[in-house]
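Results of the structural survey
For reference, the chains in residue letters:
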Amino acid sequence: MAEGMRVGVEDRPAGSGLEQPDTADGGLDELYARHIGAGVRLAFLLTGDRSHAEDLAQEAFVRCVGRFRHLRKPDAFEAYFRRAIVNLHTSGLRRRRLEREWLSREGAASVRRVSSQPDVGAREDLWRALGTLPARQRAALVLRYYEDLSERETAEVLGCSVAAVKSLVARGGEALRERIRGEEA
Amino acid sequence: MNDVEQDLRELFDRKASSVGGVAPKLPEQVRNRSRRRQVGIALVGGLAALAVLAGSAGVLRAVDAGRGRQPTPADDPWVGYEVFERTAVVQGFTITSPSDWYMVDQWSWARPIAADVPRDVRTTPVLMLSNTDRGLTTSPCFDAAFAVGSEEAIMTIAADDAYVWKHQGQADALPQAPTRFDSEAPEGTGVCGTGIYVPFATEDLPFVAHFLFGEDVSEEDRTILIRAFETMGAQATVDPTPIGARRDHPSGAYVIAGGENAAGPWTLELRPQTEPAYVANVQLELSPTEGSGVVAGGPFTVRDGRPIEQGGGNPVFGAVVKAADAVELRLEEGTPPISAQVVPLPPSMPFDFDLFFASNDADVQATAVALDADGVPIAPSTPVTEELSHTTFLDEVDHLPPGQRWAPDVTQEGNRVVMPITFPDGATAELVYPTELRLEGLNVYPDTYGVLDENSSSCGWPVHASRHDPRGGWLRGNQPIGGLEGRIGYVELWEGTQSNEPYNFLIGRSGSWNIIVPCRSAALAGDTASWAELISAAESRDGLLVFEDAPRLDMHLPEEGATIRFSGDDVIVDVSSGSARCDAGHPDMGARDGVVQWCVEPSGGVYVYANAFEPRREDFLQGLASGLEIRNYRPGEN
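Residues numbered from 1 in each chain as written. Chains lettered and ligands numbered in written order. Predicted model: local features only at pLDDT ≥ 70, side-chain atom pairs only at ≥ 80, totals over all residues.

1. Concerning the overall build of chain A
Each helix and strand in chain A was counted, giving seven helices and zero strands. Reading chain A from its N end, one meets helices and strands in the order α-α-α-α-α-α-α. For chain A, buried positions account for 44% of its 185 residues. (Helix = DSSP H or I, 4+ residues; strand = E, 2+ residues; numbered from the N terminus. Buried ≥ 20, exposed ≤ 12 C-beta atoms within 10 Å, placed from the backbone.)

2. Observations regarding the overall build of chain B
In terms of regular secondary structure, chain B is built from seven helices and 36 strands. By the burial criterion, 48% of the 638 residues in chain B qualify as buried. Across chain B, the fraction of contacts at a sequence separation of at least 24, relative to all contacts at a separation of at least 6, is 64%. (Contact = placed C-beta atoms within 7 Å.)

3. Digging into the sheet that holds strand β2 (residues 93-98) of chain B
All names here are of chain B. Strand order in the open sheet formed by three strands is β1-β2-β9, and the pairing between neighbours is antiparallel. With partners counted over all chains shown, the strands left at the sheet margins are β1 (85-90) and β9 (233-234), one partner each. Looking at chain direction, β2 and β9 are connected through two bridges and run antiparallel. Pairing of Phe93 across the sheet is with Ala234, part of β9. (Pairing = 2+ DSSP bridges.)

4. Thoughts on unusual backbone geometry
Phi at A:Asp148 is positive, roughly 60°, even though this residue is not glycine. As for its position among the elements, A:Asp148 is in the loop between α5 (135-145) and α6 (151-158). C-beta crowding within 10 Å serves as the criterion here: with 16 such atoms nearby, A:Asp148 is assigned to the partly exposed category. Positive phi values are uncommon outside glycine, yet B:Arg438 reaches one of about 50°. Within the secondary structure, B:Arg438 is located in the loop between β21 (428-434) and β22 (443-448). Taking the C-beta count within 10 Å as the criterion, B:Arg438 has 15 such neighbours and is therefore assigned partly exposed.

5. Description of the confidence of the model for chain B
Residues and elements named next belong to chain B. Looking at chain B, the pLDDT average stands at 76 and 75% of residues meet or exceed 70. Between residues 274-313, whose pLDDT stays under 50, and residues either more than four places distant or in other chains, the model counts 146 contacts. Contacts from residues 380-390, a stretch scored under 50 in pLDDT, to residues over four places away or in other chains number 33 contacts. (pLDDT = per-residue confidence, 0-100.)

6. A short note on the pairing of strand β34 (residues 595-601) of chain B
Looking at chain direction, β34(B) and strand β35 (residues 606-612) of chain B are connected through six bridges and run antiparallel. Each bridged residue has a counterpart across the sheet, and for B:Trp598 the counterpart in β35(B) is B:Val608.

7. Some details on the sheet that holds strand β20 (residues 416-422) of chain B
All names here are of chain B. Strands sit in the order β19-β20-β21-β36 across an open sheet of four strands; the sheet is antiparallel. Two strands close off the open sheet at either side, each with one partner strand: β19 (411-413) and β36 (629-634). For this sheet the average axis-to-axis angle between neighbouring strands, irrespective of direction, equals 25°. The sheet contact formed by β20 and β21 spans seven bridges and is antiparallel. Along β21, the bridge assignment pairs Ile421 with Ala429. (Axes fitted to C-alpha atoms, helices over the stretch in contact; angles between N-to-C directions.)

8. Some remarks on the nonpolar core
With 127 residues, the main nonpolar core has A:Phe61, A:Val142, B:Met103 and B:Phe356 as its most contacted residues. Per element, the largest residue contribution to this core is 12 residues, and it comes from helix α1 (residues 25-47) of chain A. Sequence-distant contacts of B:Met103, defined by excluding residues within four places in its chain, comprise B:Ala88, B:Val90, B:Ile95, B:Ser97, B:Leu127, B:Leu129 and B:Val255. If you look at the next biggest cluster of nonpolar residues, it comprises 69 residues, including B:Ala427, B:Trp474, B:Trp531 and B:Leu544. (Core = buried A, V, L, I, M, F, W, Y, C linked by C-beta atoms within 7 Å.)

9. Points about the packing of α5(A) against α6(A)
All names here are of chain A. Two elements in contact, α5 and α6, have axes whose closest approach is 10 Å; the angle formed by their N-to-C orientations is 140°. In this view, α5 runs oblique relative to α6, as classed from their interaxial angle. Regarding α5 and α6, the two cross each other, and that crossing is right-handed. Residue-level inspection shows Arg136, Ala139, Ala140, Leu143 and Arg144 of α5 in contact with α6, the latter providing Thr154, Val157 and Leu158. Tallied by class, residues from the contact of α5 with α6 come to five nonpolar, one polar and two charged. (Parallel < 35°, antiparallel > 145°, perpendicular 65-115°, else oblique. Left-handed = near helix turned anticlockwise from the far one by under 90°. Nonpolar A, V, L, I, M, F, W, Y, C, P; charged D, E, K, R; others polar.)

So this is what it looks like as structure tokens:
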């Protein structure tokens, strides 16, 4: 299994020894170097688009750094960073949905297409099916099976209950099965 | 799930690996934004802390009255009042107890405090039930000096984070609520100090019930408390994550009553605050109220017997002068009146009125009348439903007819069109674009984001304005459910249509525009009232709208920018001023996925985002991306 954000070792500058990084300029560089790779990979699994993933991770980094000095446990940056990425991703999708609803409220003609997530590079069935899941279902699957978070940790990132995580994962899995079956039929 | 799980694990690993190396060097624009963000957040934190101290001093003086002292029989406010059995739901826990016991919903007060407690010793109080009034700002789980009085009986239900920490979150081993209280259980010492601890689980979450009994507590009170626990329904709705300083409820809330209407269970809570009073059935917020007779509780009135926050017509509630011996709801002629339950305020709230509530199952118009001991109305009464006949201002203003579009006037310069615009933050500019783009043929709207008290986004996310009548598309019914005189004039609160759930809408008017502020239906009542009071805007010379900041209300968020939205049948174009997006990311000029976005005027942070919903509009997006210019940009003063 690839290194998820929970480790991020390969992004850490050799010998940095960062456990309680500060955010003075030097610390900012090290913090970025340590976390950005894992952040981009997580964002890529959520979005399916490499450059969008980089933007998303950088945006999440900026937002987390702003709050960094207020973190009671600075080494919890990773958890905040992960949460920010997931939230930014889902809020982006929410924007599309809101725009469609907005048009409908304002009486415009019906909307038949909302552009999908940015280009989904690979074409494997499962990957394609994953791209059709609601954002939170997809995020729950990525957090559980890529980041290897527990249900409780996943719930903390998604801001929901453990029961809701179970439901998201179960429904996401079931939807994937059905869609793959549908394509095979 | 095993089959898909394994496939997903392999897929995720492969895909993550395909991302390849990521440059570890901090890009300059990210560094600059990070620095600005750090400075901004630091300032916000200081201001927020000041606001809490200044705003809550009076409240805390009142609600802290019960803390650290021994209650006496003279404190009992229920002498002369009818005690009833109260069943109420607090954060998913359904508890039945006599109404002269004090139940405090502590969750929103406790969560920020819990964030400062080390996780391995942390519990977060959800509620406290006691036979004396301990005020709204204390818990044995937070206060090391908390001492039980000799005749007191106190139960705290708390989310047990310490258990999660020690047992990796596995609550399976705990008994599921409802569970028994072991009367032989010895006192122990734990995260809430000494006391009797009964751990239990519900919804996979571990909780603990903590009991304190004074040495002279009556057997009756002891039995009442244990019974309340053993009959407790538990379907926890709490999110166990502490929330740091995000919310600033300076206190818990007294649980006054509970019941059920067509929409489900309701709980009437009393939460003091210094903000404008506002009535809603889930949260009755009161400030000292002058006058006599029945008062509706603040600038919002409950119309039509309908609670503002949960819908339905039940219950009717309010405040009444202490001189009243009873309150009844008078319905239409020929219908028997409904007796209301009168509830005294707890001793820690030294205000000169009582509360009342009554079921109004028929959901009909009712007038609450205060009666003396002889059943005679004691003062001119204010009908709870006095605003029923109110005609919404939406009936009295001109709207743009359906299907008709509006855009600012334009001029032609050769084969290009010039459209002067004023952004919602007051910035001005000229949009210059090829004639064939025909942006002036689209509908144009101001659109922005607002935040109250630096951190509350329960309303105003985002704020729209429309020249069309918002009824039908946005608003349900033909009548608002509340109203409030604000800076902008009368602001109405409407229920949202089903497709807008969970939002209600504040509707105000400025110039030719209807201002539309979505508020989550579960938004704090005080937040909704504050938005209604503070929202303000003025029409600009080009016919657009400039939103004004106010103390506590920031209408211009750099992350989002202040936006002019162009919309047609199948396209949306947002042009935002002062957007931090100009600092980040790469331009996306490829129209194939239906979206283009780029920074069109970096010095003003003018950012364009366009979403075409139809493939045939790809040409439009390309034309926009290659032909749109911003000229004569001037930043706003807001």
